[in-house]
Structure formats: C-alpha cells, structure tokens
Amino acid sequence: MSTIKTWGIVLGALLLVACGPKEDQFIDAKTAADMQTKGSVLLDIRENDSYEELRIPNSLHIPYGRLALRLSELEAGKAKGIVVFDQSGVRAPMAWELLQKAGFPQVRILKGGLNEWKTAGLPVEKPQPPVTEEEVMPAE
C-alpha cells in the first residue's frame, strides 16, 4: 500500500473520530431507563423484524433507514432528550450524528444497545400478535 493511501486512511479515521460521538454521549442501560422515566424518548432504530421479536416497553420505533424522513415524530425529544439504540450499539452512533445535524441537541447513545439493556435485567416485551377477525367474532 502506498504511503499516500495509508496517510489518507489514517486521516479519514481521525476525522471520523473527531466528528462522531464523544465518550460522554454514551450511557449505560440504567441511566437510559432513568432518562425514559423522566420523559426522554427511547428511540429504537432496529429493522422491523427485530423490533417485532423483542422491544423495550414504551420505546419509539423508527428504523434507521427511515429516520431522516420521520424526524418530525421526535420533536418531543428535543426538550426532554433522546436515547438512541440498536441491537448492539453499532449503528446508533450514525443515528446520533444524523439527529445532531438535524438540530436535536440532547441525544445520547445506549452503549451496547438492546443487548446491554437485557443484560442489565431491565424490562423487555414481546409484542402481541394482531387480533384476527376470528378471535373477535368466533365461528358459530
């Protein structure tokens, strides 16, 4: 690999570190739960299939790929804060950056994502399947 290419990669990595979330933007699961109790929005950016398997009660679900189109749903979080999370903490920093650029000043990242939340023993729920017509109106 050429020296110029190597330095380009190093410079790019440094820029990403300088622009991305700092260590104090990451919070543990207990802090996130406390913030939710105080009115912060817990924003789940996982894909639909993951969300439908297991979720944090009273979290808001907006898949990362749809986040830029649905920012208006997060207006309440501007005042009380937003805690963004995914499954393990990999994509949440990208969502943090998007939200920062969109004018959301109080955004934190759940370090370790839903995996850390479960490890901390905090509540999760499995969504109930939708009620079918047969269940509402039993066959005669």
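Structure first, text after, so check above.
Residues numbered from 1 in each chain as written. Predicted model: local features only at pLDDT ≥ 70, side-chain atom pairs only at ≥ 80, totals over all residues. Heavy atoms only, no water.

> How do you make sense of the pairing of strand β5 (residues 107-110) when you look at a structure like this?
Regular strands show a simple pattern: their side chains alternate between the two faces of the sheet. The sheet contact formed by strand β1 (residues 26-27) and β5 spans two bridges and is parallel. The residue bridging F26 from the neighbouring strand is I109, located in β5. Taking the sense of rotation as the criterion, the β-α-β connection linking strand β4 (residues 82-85), helix α5 (residues 92-101) and β5 turns out right-handed. (Pairing = 2+ DSSP bridges. Helix = DSSP H or I, 4+ residues; strand = E, 2+ residues; numbered from the N terminus. Right-handed = clockwise from strand over helix to strand, strands pointing away.)

> Is there a simple way to think about α5 in this case?
Three or four residues apart is the spacing at which side chains of an α-helix point the same way, because the helix has 3.6 residues per turn. For α5, the set of buried residues is A92, P93, A95, W96 and L99. End-on view of α5: buried residues confined to an arc of 155 degrees, all on one side of the axis. At the exit of α5 stands G103, carrying a positive phi of roughly 95 degrees. (Buried < 20%, exposed > 50% of the residue type's maximum accessible area, 1.4 Å probe, protein only. Arc of directions from axis to C-beta.)

> What should I look at first to understand the nonpolar core in this one?
Across soluble globular proteins, nonpolar side chains show a tendency to be buried alongside one another. Core analysis: the biggest nonpolar cluster contains 16 residues, and L43, L67, L74, I82, V84 and L99 have the highest contact counts within it. At four residues, α5 tops the list of elements feeding residues into this core. Once you skip the residues sitting within four places of it in the chain, I82 turns out to touch V41, L43, L74, G77, L99, F104, Q106, V107 and R108. If you look at the next biggest cluster of nonpolar residues, it comprises 14 residues, including A33, M35, L110 and L114. (Core = buried A, V, L, I, M, F, W, Y, C linked by side-chain atoms within 4.5 Å. Contact = heavy atoms within 4.5 Å.)

> When you look at the sheet that holds β4 in this model, what are you seeing that I'm missing?
What links the strands of a sheet is backbone hydrogen bonding, and the strands pair in either a parallel or an antiparallel sense. In space, the five strands of this open sheet follow the order β1-β5-β4-β2-β3, with parallel pairing throughout. Both edges of this open sheet fall to β1 and β3 (60-61), since each of them pairs with a single strand only. Sheet strands in contact with α5 are β1, β2 (41-44), β4 and β5, and its direction is about 175 degrees off that of β5. (Axes fitted to C-alpha atoms, helices over the stretch in contact; angles between N-to-C directions.)

> It is not clear to me how the packing of aromatic side chains should be interpreted in this structure. Could you clarify?
One pair of aromatic rings is described through two measures. These are the centre distance and the angle between the planes. Per the counting criterion, the structure on display carries zero aromatic pairs. The side chain of K78 reaches across the aromatic face of F104, ending 5.0 Å from its centre. (Phe/Tyr/Trp six-rings, centres within 6.5 Å; stacked < 30°, edge-to-face > 60°. Lys NZ or Arg CZ within 6 Å of the ring centre and 35° of its normal.)

> Explanation requested: the side chain of D86 in the structure shown.
Within the element layout of this structure, D86 appears in the loop between β4 and α5. Buried charge without a partner: D86 forms no salt bridge, and the closest opposite charge is R91, 4.8 Å away. In terms of polar contacts, D86 uses its side chain to reach the backbone amide nitrogen of V90, at 3.1 Å. Here A92 takes part through its backbone nitrogen, which lies 2.9 Å from a polar atom of the side chain of D86. Those residues in contact with D86 that sit more than four places away from it in its chain are I45, R46, R91, A92, G113 and L114. (Lys, Arg positive; Asp, Glu negative; His and termini not counted. Salt bridge = Lys/Arg side-chain N within 4 Å of Asp/Glu carboxyl O. Polar contact = N/O pair within 3.5 Å; in protein donor to acceptor, adjacent residues only side chain to side chain.)

Geometric values such as these leave the question of function open.
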